[in-house]
Amino acid sequence: MDVTFLAGMFQSLLKGLPLTLNLWLLSLAGGGCLALLLNLMRQSRVGNAVAGAYVFVFRGTPLLIQIFMIYYGLAGFGVIRHSILWPFLREPYWCGLLALVLNDAAYTSEILRGGLRAVPRGTVEAGRVSGMGRIAILRRITLPLAIRQALPAYSNEIISMLKATALVSTITLMDITGIARAAISETWRAVEILLCAAVIYLALSIIVTRLCGWLERRLSPWHFGRTTP
Amino acid sequence: MTTQTPALAVTGLRKSFGANEVLRGIDLSARDGDVISMIGASGSGKSTLLRCIPMLEIPDAGTVGVGADSLSPKGGRLTRGEEAIARRMRGHLGFVFQNFNLWPHRTVLENVIEAPLFVQGRPRSEARDEAMALLEKVGLAEKRDAWPAHLSGGQQQRVAIARALAQHPRAILFDEPTSALDPELVGEVLKVIRGLAEEGRTMLIVTHEMGFAREVSSRVVFLHQGRIEEDGTPAEVFGAPRSERARAFLSSHFDRNR
Amino acid sequence: MGEIGLLGFGPDGWGLVLAKAGLMTLAVSVAAFLCGLVLGTLVAWARIGGNAVLRALAEAYTVTLRGVPDILVIYLFYFGGRQVVAAVGTALGFAGPFDISGFAAGMLAIGLISAAGQSEVLRGAYQAVPKGTIEAGRVCGMGRFTLFRRVIAPQAMVTALPGMGNQWQSVIKESALVSVTGLVETMRQVSVAAGTTQEHFLFYAAGAGIYLVITTLSDQLFRLAERRSLRGHPGTGTGA
C-alpha cells in the first residue's frame, strides 16, 4: 500500500472537485427550472406534445451521445458558428453544462409530474371547500404535497447527476474523472487511481443521501413513525 | 373415520411472544363431529391457540396432534424433520382466516383447486369437479371465473371456506370468520358454517358471535389470559358458567349485543 | 452523394456497419442485464433473508455501486481486468501483451452496477406481496418451493416488472459507455463514422435514432408483460 502515492493522488484528484461540484449543482438548478417550464407547457395540447417528445428523446438516448451531439455535432452548422452563441458552444464547459441541464430537465420533469399526480384529489377538494383560490391551493396544498411525494425519486436523480458529471471528462474537461484519466496514462497504476476517484464520489453521494434522508424525515415525520413534528 | 384417535389433541401448550406469555398450558381435544366454539376477551389467546394447531405459530412447549400425527416443538422453532410432519398435519386441516386471504392472482375456481392440484397432486379433472360441487354448496357456483377483488367480503369468505373444504380436512379451523365483514354479510357466512356443522364436520371456531356459538356448537371453550376457564356444552357455559370471569365476560357481551 | 446516402447500405454507406453496431449494443446489454439479474437476485436474497453480516454486505454493495459513476466502474474493470489478467498470465509463465475484451469488461461492469438497482427492485417487489396470501399457502401445506412458485413469484412480478423495465432501459444507455474500451458498439461506431466523414451531426443523430428504436421497442415489450401480469387486479377490467 503505497501511502505517499495514494495521498498525492487524492490531492491531485481533489483539484477536480470544484469543477465537478460546479457542473453538478448548476445542472440540477438549470434542469429544475427547465423541468418546471416543461410541466407548465403540458397544460396546452401542443405544449404537451412538445414536452412529451422532448422527454422521450432525452430519456431514451444515452447522455454520452447528447454530450457529443452538442459538442461535436452543433459545430458543423455554419449558422451556429456565426451566431452569438458560438463563443459558448465551442467551449467544452458550456457544451457539457448544456447537455447535463437538458438531460436532467427531462428526468426531473417526469419526477415532478409524478409528484403532482400523486396529490390526492380529496385534499385539493378540501382546500376548495374551505374557500381557497387556485393559487392558494397550489401554494399551500399541491406543491408541498407534490414535493414530499417526489423527494425520494428526486434524491435518486441528484445522485444520478453527480455520476453524470463524470462523462464530461470525455470532452477534455478536467473534472475528477478527467484528472484520473490523465493520471492513468502517465503512471499506468489504473486500479489505485480509479479507486481513489471512486472513494471521492462515494463520499459525496453518501453525504447527499444522508441530507436527503434528513429532509424527508423533516418534511414527512408521520411516515417515519413520529407522532409530533 | 371415527373415534380411535381424536381428530385434534392439544396438551400442555405454551406460547410466549417476547415477555408476554399468551398461552399458559392449554389442554384441549376434539373428537370427530365436535363443533367447538372458542370465546374470550381480546388478548385471551384464542387466535394464538388456533394458529398453533397448523403451526402458523410454533408453540414453545406442549404437544399438538392431528389424527395420527403429532408434534412437540421446543422453543418456538421447528427442525427440518418437524417441518415435514407439520406439512403433513396441515394437509389434514382446513383454515379459514379473518381476512379471507384468497390469492388475488387466481380466479375463484383456481383458488379452490390450488391446494388439491399443487399440494396433494390430485388429477385436474377430479379437482375441478369437486371444486365446482363445493362452490355450489357455498352458493357461488356462478362466480367460478370471477376475480376475488370483484367479490364482496361475504362472498370471498365463502370461497375461502370452499378452499378449505377442498383439501378433505379432518378438521376445519375458523379464525374469527365474520369479524372483518360488514354486518349484513355476516349471515350468509354463518349459514354456510351452520350447514357444515349439521353435516357432522369437525370444526374449531374462534368467534365473537355468541348467539351463533350457542346454537351451533356441541362444545364451548372460554379462554382467559392464556388458560381454559370453561369447557362444556353451550347450555353449561352460557347458562351456568362456573368461573367469575366467564360470568363477567358473558354478561358484558350480552348486555351490549342483545 | 448526399449526406443521407452515408447512412445507406451502398458501397459508401455506413448503414450495414451501424446496424451491426446496434446489434452489438443489444448483445452487451442483454449479457449485462442477465449478469445483473443473477447477482441482483442473490443480493436481494441476502438482504431479505440473510443473517446480519450478509445483510450488511449486501447493503454496502448496493450503496457503493449506486454512488460511483458508471464510467469509473467500466474503467476499473477494463484497466483492472487487464492488470489481473496480466498478473495471472505472467504468473503462469505467459509473455505479454495481455488484454481483456471490451465486451467482457463492459458486461461485468454494467452487470455489477445493474445488480445493485435490480436487487432494490426485487426486494421491494417481495415486500409488496400480501403476507396473508403467503400464510394461506403455508396453511394448506405448501412447501417453500411451491409457495415461491405459486404464490410469491406471480404476485411479486406485478410490482417488479415496471422497475425491471427501468433497469433494462438504464442498461441500454449505460452500454454506450463501453465505447471507452474500444468495443465496437453503437456509440463507438457512430464516433468513428463521424470522425471519418466529418458529418458529426448526422451520425450522432443516427446513433440517437438507434438507441431510441431499442428503448421504444423494449418499452412496448415490458408494457405488454405488465398488462399480462396484472390478471385479476381490481380496476384493470381483465377477466370475468
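1. Digging into the overall build of chain A
Consideration 1: Assigned secondary structure in chain A consists of 11 helices and 0 strands.
Consideration 2: Seen in sequence order, chain A has helices and strands lined up from the N terminus as α-α-α-α-α-α-α-α-α-α-α.
Consideration 3: Burial statistics for chain A: of 229 residues in total, 46% are counted as buried.
Consideration 4: Considering only intrachain contacts with a sequence separation of at least 6, the fraction spanning at least 24 residues in chain A is 75%.
Consideration 5: Accessible area for chain A stands at about 12400 Å²; split by element, carbon and sulfur atoms hold 66% of it.
Consideration 6: In chain A, the 21 positive side-chain charges and the 10 negative ones have mean positions that sit 14 Å from each other.

2. Observations regarding the packing of aromatic side chains
Consideration 1: Per the stated rule, a full pass over the model turns up 14 aromatic pairs over all chains.
Consideration 2: Relative to C:Y204, the ring of A:F68 has its centre 5.7 Å away and its plane inclined at 85°; by these criteria the two rings are edge-to-face. Of the two residues, A:F68 is situated in helix α4 (residues 63–73) and C:Y204 in helix α8 (residues 200–229); the pairing between them involves two chains. Taken individually, A:F68 and C:Y204 each receive the classification buried, so the pair is uniform in this respect.
Consideration 3: Arranged with centres 5.9 Å apart and planes meeting at 75°, the rings of C:W14 and C:F203 form a pair that is edge-to-face. Highlighted residues: C:W14 in the segment before α1 (15–49) and C:F203 in helix α8, separated in sequence by 189 residues.

3. So, the packing of helix α7 (residues 92–117) of chain A against helix α9 (residues 134–165) of chain A
Residues and elements named next belong to chain A.
Consideration 1: Orientation of α7 relative to α9, taken along the N-to-C sense of each, is 155°, at an axis distance of 8 Å. With respect to α9, the axis of α7 lies roughly antiparallel. α7 and α9 meet at a crossing whose hand is right-handed. Residue-level contacts link L100, D104, Y107, T108, I111, G115 and L116 of α7 to T142, L143, A146, Q149, A150, A153, Y154, E157, M161, A164 and T165 of α9.

4. Quick look at the interface of chain A and chain C
Consideration 1: Contact with chain A, which involves 34 residues of that partner, is made by 32 residues of chain C.
Consideration 2: A buried area of about 2900 Å², summed over both sides, lies between chain A and chain C, and 80% of it is on carbon and sulfur atoms.
Consideration 3: It is A:I65, A:K163 and A:L194 in chain A that bury the most area against chain C; as a group they hold 20% of the surface buried on that side.
Consideration 4: Put simply, chain A and chain C have 1 salt bridge between them.
Consideration 5: In this structure, C:D70 engages A:K163 in a salt bridge whose closest nitrogen and oxygen atoms are separated by 3.8 Å.
Consideration 6: The tally of links from chain A across to chain C stands at 5 residue pairs in polar contact (both at pLDDT 80 or more).
Consideration 7: For the side of chain A that touches chain C, the secondary structure elements donating two or more residues are α3 (45–60), α4, α9, α10 (176–187) and α11 (190–219) of chain A.
Consideration 8: Among the elements that make up the side of chain A that touches chain C, the one with the highest residue count is α11(A) (10 residues).
Consideration 9: A per-class count over the side of chain A that touches chain C returns 24 nonpolar, 6 polar and 4 charged.

5. Looking at the side chain of A:T20
Consideration 1: Within the fold, A:T20 resides in helix α2 (residues 17–41).
Consideration 2: On the basis of relative accessible area, A:T20 is assigned to the buried category, the value being 0%.

6. Some remarks on the sheet that holds strand β2 (residues 20–30) of chain B
Hydrogen bonding along the main chain pairs the strands of a sheet, whether they run parallel or antiparallel.
Residues and elements named next belong to chain B.
Consideration 1: The antiparallel open sheet is built from 4 strands, whose spatial order is β2-β1-β4-β5. What marks the edges here is a single partner per strand, and that holds for β2 and β5 (69–71). Neighbouring strand axes in the sheet, compared pairwise and without regard to direction, differ in orientation by 20° on average.
Consideration 2: Summarising the sheet, strand β1 (residues 8–17) and β2 pair through 8 bridges and their orientation is antiparallel. Within β2, the residue paired with S16 across the bridge is E21.
Consideration 3: Sitting on the sheet, helix α2 (residues 80–91) touches β4 (61–66) and β5, and the angle it makes with β5 is about 130°.

7. Focus on the arrangement of the chains
Consideration 1: The pair of protein chains exhibiting the most contacts, out of 2 pairs of chains in contact, is chains A and C.
Consideration 2: With respect to C-alpha atoms, chain A approaches chain B no nearer than 22 Å, and the pair has no contact.

8. Section: the nonpolar core
Consideration 1: Counting residues in hydrophobic clusters, the biggest one holds 155 residues, and the most contacted among them are A:L13, B:L8, B:M38, B:L49, B:I53, B:L204 and C:F203.
Consideration 2: The element best represented in this core is α11(A), accounting for 12 residues.
Consideration 3: B:I53 has contacts with B:L8, B:V10, B:V64, B:V66, B:M89, B:L93, B:L173 and B:L204, leaving out every residue within four places of it along the chain.
Consideration 4: One finds B:V96, B:L117, B:V159 and B:I161 within the second-largest nonpolar core, a separate group that totals 41 residues.

9. What about the interface of chain C and chain B?
Consideration 1: Residue-level contacts link 23 residues of chain C with 27 residues of chain B.
Consideration 2: Across the chain C to chain B interface the summed buried area is about 2400 Å²; carbon plus sulfur atoms make up 58%.
Consideration 3: Looking at the side of chain C facing chain B, the largest losses of area belong to C:V139, C:R150 and C:R231, adding up to 28% of the total buried there.
Consideration 4: Viewed at the interface, chain B and chain C are joined by 2 salt bridges.
Consideration 5: A salt bridge links B:E114 to C:R150; its shortest N-O distance comes to 2.7 Å.
Consideration 6: Seen at the junction of chain C and chain B, the total is 7 residue pairs in polar contact (both at pLDDT 80 or more).
Consideration 7: Contributions of two or more residues to the side of chain C that touches chain B are made by α5 (131–139) and α6 (144–174) of chain C.

10. Examining the confidence of the model for chain C
Consideration 1: Across chain C, the average pLDDT comes to 87, with 91% of residues at 70 or higher.
Consideration 2: With pTM at 0.78, the complex prediction returns an ipTM value of 0.86.

11. Side note on the environment of C:I100
Residues and elements named next belong to chain C.
Consideration 1: Note on placement: I100 falls in the loop between α3 (70–92) and α4 (102–127).
Consideration 2: Along the sequence, I100 and E59 sit 41 residues apart, while their C-alpha atoms lie 29 Å from each other.
Consideration 3: Each residue touching I100, except ones within four places of it in the same chain, is listed here: F77, Y78, G81 and R82.

12. Comments concerning the pattern of salt bridges
Consideration 1: With the rule as written, the count across this model stands at 26 salt bridges over all chains.
Consideration 2: A:E110 is the salt-bridge partner of A:R113, the closest N and O atoms lying 3.0 Å from each other. A residue pair is termed a helical-turn pair when its members lie 3 or 4 positions apart in one helix, as A:R113 and A:E110 do in helix α7 at 3 residues.
Consideration 3: Three or more residues are tied together by salt bridges with common partners; here these are B:R31, B:D34, B:R219 and B:D231.

Conventions and cut-offs
- Residues numbered from 1 in each chain as written.
- Chains lettered and ligands numbered in written order.
- Predicted model: local features only at pLDDT ≥ 70, side-chain atom pairs only at ≥ 80, totals over all residues.
- Heavy atoms only, no water.
- Helix = DSSP H or I, 4+ residues; strand = E, 2+ residues; numbered from the N terminus.
- Buried < 20%, exposed > 50% of the residue type's maximum accessible area, 1.4 Å probe, protein only.
- Contact = heavy atoms within 4.5 Å.
- Areas by Shrake-Rupley, 256 points an atom, 1.4 Å probe, with all protein chains shown as cover.
- Lys, Arg positive; Asp, Glu negative; His and termini not counted.
- Charge placed at Lys NZ, Arg CZ, Asp CG, Glu CD.
- Phe/Tyr/Trp six-rings, centres within 6.5 Å; stacked < 30°, edge-to-face > 60°.
- Axes fitted to C-alpha atoms, helices over the stretch in contact; angles between N-to-C directions.
- Parallel < 35°, antiparallel > 145°, perpendicular 65-115°, else oblique.
- Left-handed = near helix turned anticlockwise from the far one by under 90°.
- Buried area = accessible area lost by both parts, 1.4 Å probe.
- Salt bridge = Lys/Arg side-chain N within 4 Å of Asp/Glu carboxyl O.
- Polar contact = N/O pair within 3.5 Å; in protein donor to acceptor, adjacent residues only side chain to side chain.
- Nonpolar A, V, L, I, M, F, W, Y, C, P; charged D, E, K, R; others polar.
- Pairing = 2+ DSSP bridges.
- Core = buried A, V, L, I, M, F, W, Y, C linked by side-chain atoms within 4.5 Å.
- pLDDT = per-residue confidence, 0-100.

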